[in-house]
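What follows is the residue order along each chain.
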Amino acid sequence: MLGGISIWQLLIVLGIIILIFGTKKLRNVGTDLGGAVKGFKSAMSEEDKEKEKASEKDAAKVAHEEPGNTFDVQAEEKRKAEQQREERP
């Protein structure tokens, strides 16, 4: 039961809709609706593929590190401390 609507009431409503619109028009509406759902699904799968490709490209960019572009803070602090010791004597 769908909120107090029985199967017989649904069949009567369906029969009235068929009488008003006709089976041919309802078939066309069903075909159009099915095509729209199919197009939506294919668009979503294409978007997922594009996101996957973009993440692969980003992962490749992140993994690539050029040598010499790093900065070691501890080594820099040690170097400054040694310079200060040399200047004090």
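Residues numbered from 1 in each chain as written. Predicted model: local features only at pLDDT ≥ 70, side-chain atom pairs only at ≥ 80, totals over all residues. Heavy atoms only, no water.

Caption draft 1: Local environment of the overall build of the chain. Of regular secondary structure, the chain possesses three helices and zero strands. The buried share of the chain, taken over its 89 residues, is 0%. When the accessible surface of the chain is summed, it comes to about 8,700 Å², and 59% of that surface belongs to carbon and sulfur atoms. (Helix = DSSP H or I, 4+ residues; strand = E, 2+ residues; numbered from the N terminus. Buried < 20%, exposed > 50% of the residue type's maximum accessible area, 1.4 Å probe, protein only. Areas by Shrake-Rupley, 256 points an atom, 1.4 Å probe, with all protein chains shown as cover.)

Caption draft 2: Main features of helix α1 (residues 7-21). With 15 residues, α1 should cover 21 Å at 1.5 Å per step; its first-to-last C-alpha distance of 21 Å lies within 8% of that length. Directly beyond the C-terminal end of α1, a positive phi value near 90° is found at Gly22. (Expected span 1.5 Å × (residues − 1).)

Caption draft 3: Structural view of the pattern of salt bridges. Counted according to the given criterion, the structure contains two salt bridges. Between Glu47 and Lys51 there is a salt bridge, and its shortest N-O distance comes to 3.6 Å. Residue Glu47 and its partner Lys51 are located together in helix α2 (residues 23-63), separated by four residues, close to a single helical turn. Accessibility expressed as a relative area gives 35% for Glu47, which makes it partly exposed. The residue Arg79 makes a salt bridge to Glu76 at a minimum N-O spacing of 2.3 Å. Linking Arg79 with Glu76, this pair stays in helix α3 (residues 73-87), spanning three residues, or about one helical turn. (Salt bridge = Lys/Arg side-chain N within 4 Å of Asp/Glu carboxyl O.)

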